[in-house]
Amino acid sequence: MTTTKKNRKKPVPRQPMPEQKPEIRRRNFKEVPEGYTVELAQAEASRCLQCRKPGCVAGCPVGIDIPGFINLVTEGDFTGAIRNLWGKNAFPAVCGRVCPQEIQCEGKCIVGKKGDPVAIGNLERFCADYEREFGSGELPPTSSTTGKKVAVVGSGPSGLTVAGDLIVKGHDVTVFEAFHKPGGVLVYGIPEFRLPKSIVAQEVHFLERLGVKVECNAVVGRSVSVDDLFEEGYDAVYIGVGAGLPRFMNLPGENQIGILSANEYLTRANLMKAYKFPAVDTPIPIGKNVVVLGAGNVAMDSARTAMRLGADRVRIVYRRSREEMPARTAEIHHAAEEGIEFELLTNPVKYIGNDKGRLTGMVCLRMELGEPDDSGRRRPIPIEGSEFEIEADLCIVAVGSGANPLLTESTADIKLNRWGYIITDPKTGKTSKKGVWAGGDIVTGAATVILAMGAGRMAANSIHDYLTWGW
Amino acid sequence: MFKIVRREEMAGGTVILNEIEAPKIAGREKPGQFVLLKANEDGERVPLTMAETDPEKGTITIIYMVVGRTTALFKSLQVGDGFQDVIGPLGKATHIEKIGKVVCVGGGTGTAVLHPITRAMKEIGNHVITILGARNKDLLILEDLMRKVSDDFYITTDDGSYGRHGLVTDQLKDILDREDIKQVVAIGPVPMMKFVSLLTKKYNVPTLVSLNPIMVDGTGMCGCCRVTVGDKTRFACVDGPEFDGHQVDYDELMMRLQSYREEEKVSYDKHCRMNG
Ligand SMILES: Cc1cc2nc3c(=O)[nH]c(=O)nc-3n(C[C@H](O)[C@H](O)[C@H](O)COP(=O)(O)OP(=O)(O)OC[C@H]3O[C@@H](n4cnc5c(N)ncnc54)[C@H](O)[C@@H]3O)c2cc1C
Ligand code: SF4
Ligand code: FES
């Protein structure tokens with residue numbers, strides 16, 4: 001095994017993860033990066049300097065002991081490494097794949113100051129995948145049962161984290177999920193080629209083996225209310241329902257056929273497996289000329305899905321410039337490699353359709369960047385007279401999402417902010433209603449998997465205190 | 001699994017009734033609400049408004065017309081078989097109040113949806129006039145049930161094979177001309193709801209319609225079910241399914257219902273090939 005000393009003399013370059021070639025993967029739904037081999041993982045791990053005051057840990061929203069787990073990888077103790085990761089992160093297989101590492105751990109890694117940072121995300125993924133393939137599947141020890149019942153509403157990353165944390169502390173946990181499958185955005189939003197659904201299913205199954213009950217098809221606010229849950233004997237309720245309200249552009253012609261929210265498009269493709277139509281029954285529109293509005297992860301996922309479904313041309317239309325695109329760097333890079341085009345500094349003003357009400361194109365305006373706005377980003381300003389038309393038979397609107405009021409409307413004593421998100425105590429996740437906690441996108445607005453999980457962990461600790469000590 | 005405990009064929013096998021075990025939904029349902037059903041792992045999620053619920057037995061009853069791949073699949077399910085997923089109750093319940101004379105107009109399987117609303121309208125003390133329309137006598141459903149919950153009862157058929165020869169709007173017009181009607185509820189094919197609304201608008205009678213756009217989640221998270229009501233985009237699954245009939249853009253709704261016409265053909269052909 002290489003020693004740290006040797007590294008200093010002849011630096012090991014960042015080990016790229018093997019992946020499917022762009023010209024092949026752009027037409028299939030198989031996962032794009034194929035994962036590290038043991039050799040690649042150890043070579044990459046050897047690049048870590050084992051800093052005393054590691055920047056990476058400070059950059060990690062849940063404070064994973066990064067040098068610690070990486071050191072275990074160098075030593076070949078992969079079981080130790082995964083146990084170390086689990087200490088702070090319940091779903092490393094997911095986070096290794098979807099976290100925006102470039103602005104978190106890897107963005108703060110000292111090695112990145114002069115060259116490429118340590119590939120922390122890739123290593124995290126390696127440990128989780130190794131465990132899944134070769135691990136014992138042994139369950140962590142759980143405390144003796146407390147007799148307290150907890151209801152978790154929503155089975156996204158934040159709800160699942162709460163469920164996992166509280167079940168090992170001995171509480172009786174039931175997860176209520178509106179959809180017919182658990183996993184939240186991890187199953188209905190993020191596509192198979194980025195996060196295989198079998199991984200999510202396995203994580204949920206693991207929780208079930210620990211004793212978590214998952215009740216699907218339970219729309220809290222309609223099929224049952226939060227107050228009903230207390231009446232049914234639950235002692236505490238965690239709300240992790242995500243930010244499931246699609247935003248549209250509110251432009252003329254938006255209700256024509258061929259214009260879908262990214263939520264609808266991706267739910268059809270991922271949750272309903274419509275990419276296999278007609279082998280499955282749910283259809284999905286196949287576009288030849290596809291326009292995706294927006295430039296976040298959701299937009300990249302939509303664009304890459306459209307390409308895989310056989311589009312001739314897929315264009316991302318975004319009103320700001322490349323620097324402001326909020327998607328993970330890896331996603332933008334992968335999308336570009338797959339032939340997705342970028343119409344930057346461009347904003348749609350109108351949809352055009354035919355007499356059957358089907359979309360045929362859109363009118364757009366070119367933009368230029370002006371002074372910084374409230375968000376600190378330079379404000380895009382339309383260039384007068386720059387209207388032009390682009391052809392499109394499918395438009396996917398991925399310009400963000402808001403708070404879905406279904407649950408909150410039915411629970412009047414939970415205080416909301418003016419955008420409809422739940423107000424919580426930042427140190428505990430407590431809402432204004434006794435015995436009710438909340439976290440994830442329904443508190444922060446659409447954010448990230450790791451922040452949703454972090455909020456879940458914080459709330460789980462607070463719920464445990466409440467159930468144990470009454471506060 | 002949500003087991004089918006009763007199955008009936010109506011209108012010459014084109015309309016199917018399923019009574020399904022779903023105790024949690026049965027205990028909560030209110031008139032006007034709907035459920036989403038999915039038959040099996042690879043199935044589609046389809047919204048259907050409940051025709052009846054029996055909280056004691058813990059069952060809900062749905063009635064649907066066989067129009068494509070998914071409903072053909074539903075039709076093939078027998079007593080003892082079941083649906084993998086039933087989600088609900090969803091949507092807003094009908095606002096029922098005692099206001100006087102009410103006309104309930106039903107067409108096609110819309111009559112099934114209309115039934116619990118009509119009953120509730122009657123139970124609260126309204127004078128209920130019902131008009132059921134069908135293309136011909138054989139396609140008429142739920143005549144007896146509807147008769148039972150109505151004070152006055154009329155039938156119209158397009159071909160004159162039963163009841164009055166004509167459209168529901170012909171009968172409705174006569175009633176509006178001679179009586180003081182406080183409210184109309186119209187549920188049926190989109191063109192029927194459109195023409196009823198056009199008529200009642202002339203008489204300034206508030207009119208409630210129940211819309212049936214394509215849906216996916218039924219919880220307001222995808223926007224697939226969007227409809228234009230009074231120049232505003234609304235999501236039928238959470239803001240509806242009932243809306244002020246005078247404000248609905250029916251032409252847009254009809255157009256959007258065609259979104260997957262080609263795909264539905266492909267899917268249905270496959271079903272027919274597989275099932276002979
Ligand atoms: C397409 C897409 C791609 C993304 N890519 C990334 C990425 O690469 N990296 C990253 O970090 N983040 C990404 N995100 C964001 C990330 O997925 C979310 O921030 C995260 O999933 C939020 O977790 P959550 O647990 O708060 O909610 P969600 O994951 O949204 O889960 C909420 C769950 O609650 C259920 N629910 C809602 N209402 C009810 C109700 N009334 N009753 C019962 N259940 C209910 C929902 O059906 C859902 O299953 C992406 C998001 C999308 C949509
Ligand atoms: S900052 Fe980089 S080099 Fe330092 S411990 Fe973290 S991963 Fe290793
Ligand atoms: S069906 Fe998705 S929002 Fe109504």
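About the thresholds
- Residues numbered from 1 in each chain as written.
- Chains lettered and ligands numbered in written order.
- Predicted model: local features only at pLDDT ≥ 70, side-chain atom pairs only at ≥ 80, totals over all residues.
- Heavy atoms only, no water.
- Helix = DSSP H or I, 4+ residues; strand = E, 2+ residues; numbered from the N terminus.
- Rg over C-alpha atoms; globule rule 2.2 N^0.38 Å.
- Buried < 20%, exposed > 50% of the residue type's maximum accessible area, 1.4 Å probe, protein only.
- Areas by Shrake-Rupley, 256 points an atom, 1.4 Å probe, with all protein chains shown as cover.
- Lys, Arg positive; Asp, Glu negative; His and termini not counted.
- Charge placed at Lys NZ, Arg CZ, Asp CG, Glu CD.
- Near = heavy atom within 4 Å.
- Polar contact = N/O pair within 3.5 Å; in protein donor to acceptor, adjacent residues only side chain to side chain.
- Axes fitted to C-alpha atoms, helices over the stretch in contact; angles between N-to-C directions.
- Parallel < 35°, antiparallel > 145°, perpendicular 65-115°, else oblique.
- Left-handed = near helix turned anticlockwise from the far one by under 90°.
- Contact = heavy atoms within 4.5 Å.
- Nonpolar A, V, L, I, M, F, W, Y, C, P; charged D, E, K, R; others polar.
- Pairing = 2+ DSSP bridges.
- Buried area = accessible area lost by both parts, 1.4 Å probe.
- Salt bridge = Lys/Arg side-chain N within 4 Å of Asp/Glu carboxyl O.
- Expected span 1.5 Å × (residues − 1).
- Arc of directions from axis to C-beta.

A. Up close: the overall build of chain B. Regarding its fold elements, chain B presents nine helices and 17 strands. What you see for chain B is a C-alpha radius of gyration of 18 Å, in line with the 19 Å of a compact globule of 276 residues. If you line up chain B on its principal axes, its C-alpha atoms span 55 × 40 × 40 Å. When the 276 residues of chain B are sorted by exposure, 58% land in the buried category. Looking at chain B as shown, the accessible area adds up to about 11,500 Å², and 49% of this sits on carbon and sulfur atoms. Across chain B, 35 positive and 39 negative side-chain charges occur, with their mean positions spaced 1 Å apart.

B. Seen up close, the site of ligand 1. Residues and elements named next belong to chain A. Taken together, the neighbourhood of ligand 1 is formed by 33 residues, with Val98, Glu177, Arg194, Val220 and Asp441 sitting nearest. One nitrogen or oxygen atom from the main chain of Gly184 is found 3.4 Å from an oxygen atom belonging to ligand 1. Contact distances for ligand 1 include 3.4 Å between an oxygen atom and a backbone N or O atom of Thr448. In isolation ligand 1 offers 1,000 Å² of accessible surface; the protein chains occlude 93% of this area.

C. Inspection of the packing of helix α5 (residues 168-178) of chain B against helix α6 (residues 190-203) of chain B at higher detail. All names here are of chain B. Interaxial distance between α5 and α6 falls to 10 Å at its minimum, and their mutual angle equals 20 degrees. The angle between α5 and α6 places the two elements in the roughly parallel class. Between α5 and α6 lies a crossing whose hand is right-handed. The segment α5 lies against α6, with Val168, Thr169, Leu172, Lys173, Leu176 and Asp177 engaging Met192, Phe195, Val196, Leu199, Thr200 and Tyr203. Taken together, the residues that form the contact of α5 with α6 break down as eight nonpolar, two polar and two charged.

D. Representation of the sheet that holds strand β4 (residues 46-49) of chain B in the model. All names here are of chain B. In space, the three strands of this open sheet follow the order β4-β3-β8, with antiparallel pairing throughout. Either end of the sheet is taken by a strand with one partner, and the two such strands are β4 and β8 (85-90). The sheet shows a mean angle of 25 degrees between the axes of neighbouring strands, direction not considered. Pairing geometry for strand β3 (residues 34-38) and β4, over four bridges, is antiparallel.

E. Local environment of the interface of chain A and chain B. Contacts between the two partners involve 43 residues from chain A, matched on the other side by 46 residues from chain B. Summed over both partners, the interface of chain A with chain B comes to about 3,500 Å²; 51% of that surface belongs to carbon and sulfur atoms. On the chain A side of the interface with chain B, the three residues burying the most area are Arg222(A), Asn255(A) and Asp281(A), jointly 23% of the side's total. Linking chain A with chain B are four salt bridges. Between Asp228(A) and Arg28(B) there is a salt bridge, with the nearest N and O atoms lying 2.6 Å from each other. The interface formed by chain A and chain B holds 23 residue pairs in polar contact (both at pLDDT 80 or more) in total.

F. Focus on the sheet that holds strand β7 (residues 82-83) of chain B. Residues and elements named next belong to chain B. Judged by pairing direction, the sheet is antiparallel, and its five strands sit side by side in the order β5-β6-β2-β1-β7 without closing on themselves. Two strands lie at the open edges of the sheet, namely β5 (52-54) and β7, each paired on one side alone. As judged from the two bridges shared by strand β1 (residues 2-10) and β7, these two strands associate in the antiparallel manner. For Lys3, the partnering residue across the bridge sits in β7 and is Gly82.

G. Representation of helix α9 (residues 261-275) of chain B in the model. Residue and element names in this part refer to chain B. Compared with the 21 Å implied by 1.5 Å per residue over 15 residues, the 21 Å span of α9 between its first and last C-alpha is a close match. Considered for burial, the residues of α9 that qualify are Glu263, Ser267, Lys270 and His271. End-on, the buried residues of α9 take up no more than an arc of 100 degrees, which puts them together on one face. Here the buried face of α9 lies against α2 (69-76).

H. Representation of the pairing of strand β6 (residues 59-65) of chain B. All names here are of chain B. Counting buried positions along β6 gives six out of seven residues, so the element sits mostly inside the fold. In this structure, strand β2 (residues 15-21) lies alongside β6, joined through seven bridges in antiparallel fashion. Within the sheet, the bridge partner assigned to Leu17 lies in β6 and is Ile63. Relative to β6, β5 runs antiparallel, the two sharing three bridges.

I. Molecular detail of the site of ligand 2. If you check the shell around ligand 2, you find Cys48(A), Leu49(A), Cys51(A), Pro54(A), Gly55(A), Cys56(A), Pro67(A), Cys109(A), Ile110(A), Val111(A), Val118(A) and Ile120(A) and nothing else. Of the residues in the shell around ligand 2, the class split is 11 nonpolar, one polar and no charged.

J. Focus on the side chain of Asn217(A). One can find Asn217(A) in the loop between β3 (213-215) and α13 (226-231). Looking at Asn217(A), the relative accessible area reads 10%, which means it is buried. Within the structure, the side chain of Asn217(A) is placed 2.9 Å from the side chain of Asp85(B), a separation counted as a polar contact. Once you skip the residues sitting within four places of it in the chain, Asn217(A) turns out to touch Glu177(A), Ala178(A), Phe179(A), His180(A), Ser223(A), Phe2(B), Asp85(B), Val86(B) and Ile87(B).

K. The arrangement of the pattern of salt bridges in detail. Residues and elements named next belong to chain A. All chains considered together, the criterion is met by 44 salt bridges over all chains. A salt bridge links Arg304 to Glu331; the nearest nitrogen and oxygen atoms lie 2.9 Å apart. Of this pair, Arg304 sits in helix α15 (residues 297-308) while Glu331 is found in helix α16 (residues 329-337), placing the two residues 27 residues apart along the sequence. Look at Arg304 and you get buried, because its relative accessible area is 1%. Residue Glu331 is classed as buried on the basis of its relative accessible area of 2%. When salt bridges that share partners are traced, they join Glu19, Arg25, Arg194, Asp301, Arg304, Arg308, Arg328, Glu331, Glu337 and Glu338 into one network.

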